[in-house]
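# An overview of the molecular structure
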Amino acid sequence: MDDYKYQDNYEGYAPNDGYYRGNESHPEEDAQSDVTEGHDEEDEIYEGEYQGIPHPDDVKAKQAKMAPSRADGLRGQTDLMAEKMEDEEQLAHQYETIIDECGHGRFQWILFFVLGLALMADGVEVFVVSFVLPSAEKDMCLSSSKKGMLGWGFSMGTNYHFHSWRVFVIICALPCTVSMVALRFMPESPRFLLEMGKHDEAWMILKQVHDTNMRAKGAPEKVFTVSHIKTPKQMDEFIEIQSSTGTWYQRWLVRFKTTFKQVWDNALYCMMGPYRMNTLILAVVWFTMALSYYGLTVWFPDMIRYFQDEAYKSKMKVFFGEHVYGATINFTMENQIHQRGKLVNDKFTKMYFKHVLFEDTFFDECYFEDVTSTDTYFKNCTIESTIFYNTDLYEHKFINCRFINTSFLEQKEGCHMDFEQDNDFLIYLVSFLGSLSVLPGNIISALLMDRVGRLKMIGGSMLISAVCCFFLFFGNSESAMIGWQCLFCGTSIAAWNALDVITVELYPTNQRATAFGILNGLCKFGAILGNTIFASFVGITKVVPILLAAASLVGGGLIALRLPETREQVLM
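Residues numbered from 1 in each chain as written. Predicted model: local features only at pLDDT ≥ 70, side-chain atom pairs only at ≥ 80, totals over all residues. Heavy atoms only, no water.

### Points about the overall build of the protein chain
Quick reminder of the rule: Secondary structure elements follow DSSP: runs of H or I no shorter than four residues count as helices, runs of E no shorter than two count as strands, and numbering proceeds from the N terminus. Relative accessibility under 20% of the residue-type maximum defines a buried residue, over 50% an exposed one, and the middle range a partly exposed one, all with a 1.4 Å probe and only protein chains included. Where accessible areas are quoted, they stem from the Shrake-Rupley method and a 1.4 Å probe; at the residue level, only the protein chains shown are allowed to cover.
Along its length, the protein chain carries 15 helices and 16 strands. By residue count, 38% of the 572 residues in the protein chain fall in the buried class. Carbon and sulfur atoms form 59% of the exposed surface of the protein chain, whose accessible area is close to 33,800 Å².

### Focus: the packing of aromatic side chains
We apply this condition: In this analysis, rings of Phe, Tyr and Trp, with Trp reduced to its six-membered ring, are considered paired at centre separations within 6.5 Å, and the interplanar angle assigns stacked below 30 degrees, edge-to-face beyond 60, and tilted for intermediate values.
Scanning the entire structure with this criterion turns up 30 aromatic pairs. Between the aromatic rings of W286 and F516, the centroid separation amounts to 5.5 Å while the plane-to-plane angle is 85 degrees, which identifies the pairing as edge-to-face. Taken together, the positions of W286 in helix α9 (residues 276–314) and F516 in helix α14 (residues 509–535) put the pair 230 residues apart, joining distant regions of the chain. Residue W286 is classed as buried on the basis of its relative accessible area of 2%. Classification of F516 by relative accessible area gives partly exposed; the value is 25%. Each member of the aromatic cluster is reached from another via a ring pair, and the members are F348, F353, F358, F363, F368, F378, F388, F398, F403 and F408.

### Observations concerning unusual backbone geometry
Look at D360: it is not a glycine, yet its phi comes out positive at around 55 degrees. Residue placement: D360 occurs in the loop between β8 (347–359) and β9 (362–364). If you check the backbone angles, N405 has positive phi at about 50 degrees while not being a glycine.

### Quick notes on the pattern of salt bridges
Between side chains of opposite charge, a pair can form when the charged atoms approach closely. What counts, and what does not: The term salt bridge refers to a side-chain nitrogen of Lys or Arg lying within 4 Å of a carboxyl oxygen of Asp or Glu.
All chains considered together, the criterion is met by five salt bridges. The residue E334 makes a salt bridge to K354 at a minimum N-O spacing of 3.7 Å. Of the two residues, E334 sits in strand β6 (residues 333–339) while K354 sits in strand β8, which places them 20 residues apart along the sequence. On the basis of relative accessible area, E334 is assigned to the partly exposed category, the value being 31%.

### Brief notes about the confidence of the model for the protein chain
Test applied: One number per residue, pLDDT, summarises how confident the predictor is, and it ranges from 0 to 100. Here, two residues are considered to be in contact whenever any of their heavy atoms come within 4.5 Å of each other.
Predicted confidence across the protein chain gives a mean pLDDT of 76, with 71% of residues reaching 70 or more. In the model, residues 1–52 has pLDDT below 50 throughout and makes 20 contacts with residues more than four positions away in sequence or in other chains. Contacts for the low-pLDDT stretch residues 152–159, under 50 throughout, to residues beyond four places or in other chains number 10 contacts.

### Remarks on a nonpolar patch on the surface
Cut-off, in case you're wondering: The patch calculation keeps residues exceeding 30% relative accessible area without a salt bridge and links them within 9 Å when they carry like charges or within 5 Å when they are nonpolar (Val, Leu, Ile, Met, Phe, Trp, Tyr).
Taken together, the side chains of W248, Y249, W252, F256, F260, W264, L268, M271, M272 and I518 present a nonpolar region at the surface, about 1,200 Å² in accessible area. When residues in the nonpolar patch are grouped by element, the largest group, nine residues, is from helix α8 (residues 248–272). The topology assignment puts M272 in helix α8.

### So, the pairing of β8
Going by this rule: Strand pairing is assigned whenever DSSP detects at least two bridges linking the two strands.
In this sheet, β8 lies alongside strand β5 (residues 328–329) in parallel orientation, the contact comprising two bridges. Bridge assignment links T328 to a residue of β8, and that residue is K347. Taken together, the six bridges between β6 and β8 define a ladder with parallel strand orientation. By the bridge assignment, Q336 is partnered in β8 with V356. With seven bridges connecting them, β8 and strand β10 (residues 367–374) associate as parallel partners.

### A short note on the side chain of T212
The line we're drawing: Polar contacts, as counted here, are pairs of nitrogen or oxygen atoms within 3.5 Å of one another; within protein the pair requires one atom able to donate a hydrogen and one able to accept it, and residues that are adjacent in sequence qualify only if both atoms are side-chain atoms.
Here T212 shows up in helix α7 (residues 199–216). Residue classification places T212 among the buried residues on the basis of a relative accessible area of 13%. Of note is the side chain of T212, whose polar atom sits 2.7 Å from the backbone oxygen of Q208.

Right under this line is the structure:
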């Protein structure tokens, strides 16, 4: 039995019966043995591997291996970011030294002139629409206007009139056109090129600035001593596809996607990065300034025009129950109301009706020839056996009138409005005086910007402008409104100048243009909203526009004080 038990450990012996089975084998087991020979259990082939499905253990192992590498990658990116920030700080100080060596002279004055034209174009575009649109609406017969046209014009034929609002538009377009052409000849910002890692291009431009200024100062022999400029580490490379690669559509698409990604990343960096709070505060200040400033600058001419209209209506003449027989009228009838009159066999020829109302009046056998009119209506009138020949008395000017045997022959074509209104020139003179009043504010803010500081200038200017708004409650005449407008524009322009400066100084070079564009777009939205809101209250109440403008200025001025001061800060 012991032998049998000993032999149980050997192949071929049955543990129960003790008989030797010899080399008896099973085909299935032999096949499995051949297949797995030389393999451990860990090396067994996963069934799904033949279908391209990774083994779960392989996935876990791969994830375990990638975890340290990801951490290392994040640490590496953080280190690269820190190194880039350090390089930018070094570049900022070095760049100030280089600019000092380049000097200030002819190149900067040329740059000031070109950028000044661009700023002129930016400022004009906000006002030109509000000023020109009413005149254009008249000239194009779109609707009645709320503001006048410019006191001259000339005609070409009988259907086309070239009025001064067209000249005004052309003149306003000149700064934009000239600046676009001039900017094509100006070099790129060398600081921006250095941020993009383009050292050689930046060096050449700085040398150009140096040589231009030195030649103008009479020292052309002075050599530009800078040989190397620090460039920050580049986080990613700009993708540029060669002209021999792919189709033109593919090349354009790659460039577009790359540029769009850069702009999008810059916008997100301004909105969600370390500059998020500064961007939010600046957005509020830009919006409140635009809402109040542009809203009031358009509201002032509208209010002055309203006072003119009220004064004009107060001089209106009223004729009641008059009877006119066989008269010939060939002069201008202006600012009159005729009620319950009777006109028989009267002739109106080569005359002009201006702000005339015929109400409950009877016309019998009258004749109208070559008559033009502005704001003239016939209301509840009876017109019998009357002929209208070559007039602009169209159907809409007859309200609830009864016609008996009346004919309209060869009515005037086109839009024949009053092109020589007496008070229109004053409206544009007021706008001009408001724009001229900012000149002293510009000079004062330029002299005191570095002494007072950006924040104090923004807050002080906005608060003083808010105080000026409350004096508008006492502006019940044209002269008073003009005076308060000049005072408001002169005090508020300092806040605009300081706001432009601090916006530039709060952002690094590679995000500065994007941030400024976002805030400027918000400014335009505030300007449009202000024009719409303030104009809707003209002739209704002054309380809402004044309180809205004052509240916006006070709120924006106080919020602006939470921004960091950048007076002695080196531009990054």
